[in-house]
Amino acid sequence: MKELSEFVKARRKEVNLTQKEFAERAGVALTVVRKIEQGKTNLNMEKVNLVLSMFGHTLAAVSTKELKNRNNTDL
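Residues numbered from 1 in each chain as written. Predicted model: local features only at pLDDT ≥ 70, side-chain atom pairs only at ≥ 80, totals over all residues. Heavy atoms only, no water.

Named according to an unreviewed UniProt entry, the protein chain is Helix-turn-helix transcriptional regulator originating from Maribacter arenosus.

In structure tokens form, the structure reads like this:
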């Protein structure tokens, strides 16, 4: 699975937008797009979803318990 940073950067480039243009269209600050594309981990989920909604996607919060259960069933 592609990392979020790679996905956003690749899709932004596909539509031929600069980070600034993309941020304006997504309704977020330029720093949000930069942080996502740099792979920063301390991100506001609401802002990430605004960016992803430009591509018809969203992220859902997952609890640690859910992750453990998924990992155990994948073995």
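Novice: Would you mind going over the overall build of the protein chain with me for this structure?
Specialist: A count of helical and extended segments in the protein chain gives five helices and zero strands. In sequence order, the secondary structure elements of the protein chain are arranged as α-α-α-α-α. Among the 75 residues that make up the protein chain, the fraction classed as buried is 23%. Accessible surface, the protein chain as shown: approximately 5700 Å² in total, 48% of it carbon and sulfur. (Helix = DSSP H or I, 4+ residues; strand = E, 2+ residues; numbered from the N terminus. Buried < 20%, exposed > 50% of the residue type's maximum accessible area, 1.4 Å probe, protein only. Areas by Shrake-Rupley, 256 points an atom, 1.4 Å probe, with all protein chains shown as cover.)

Novice: When you look at unusual backbone geometry in this model, what are you seeing that I'm missing?
Specialist: For residues that are not glycine, phi is negative in most cases, and the peptide bond is trans in most cases. Here the phi dihedral of N16 falls at roughly 55 degrees; this positive angle occurs in a residue that is not glycine. Tracing the backbone shows N16 in the loop between α1 (4-14) and α2 (19-26).

Novice: Before we go on, may I ask you to explain the pattern of salt bridges in this structure?
Specialist: Close approach of charged atoms allows side chains of opposite charge to pair. Scanning all chains against the criterion turns up two salt bridges. E37 serves as the salt-bridge partner of R12, at 2.6 Å between the closest nitrogen and oxygen. Note that R12 is positioned in helix α1 and E37 in helix α3 (residues 30-37), a separation of 25 residues in sequence. There is no split in this pair, since R12 and E37 are both buried. (Salt bridge = Lys/Arg side-chain N within 4 Å of Asp/Glu carboxyl O.)

Novice: I keep staring at the confidence of the model for the protein chain and nothing clicks. Help me out?
Specialist: Low pLDDT marks stretches whose predicted atomic positions should not be read closely. Overall, the prediction assigns the protein chain a mean pLDDT of 85, with 79% of residues at 70 or greater. Within the protein chain, α2 carries the highest mean pLDDT (96), whereas helix α5 (residues 64-73) carries the lowest (62). (pLDDT = per-residue confidence, 0-100.)

Novice: Please explain the environment of I36 as it appears in this structure.
Specialist: Its place among the elements puts I36 in helix α3. Sequence-wise, I36 and F7 are 29 residues apart; in three dimensions their C-alpha atoms are separated by 9.7 Å. For I36, the contacting residues outside a window of four places in its chain are L4, S5, V8, L43, V48 and V51. (Contact = heavy atoms within 4.5 Å.)

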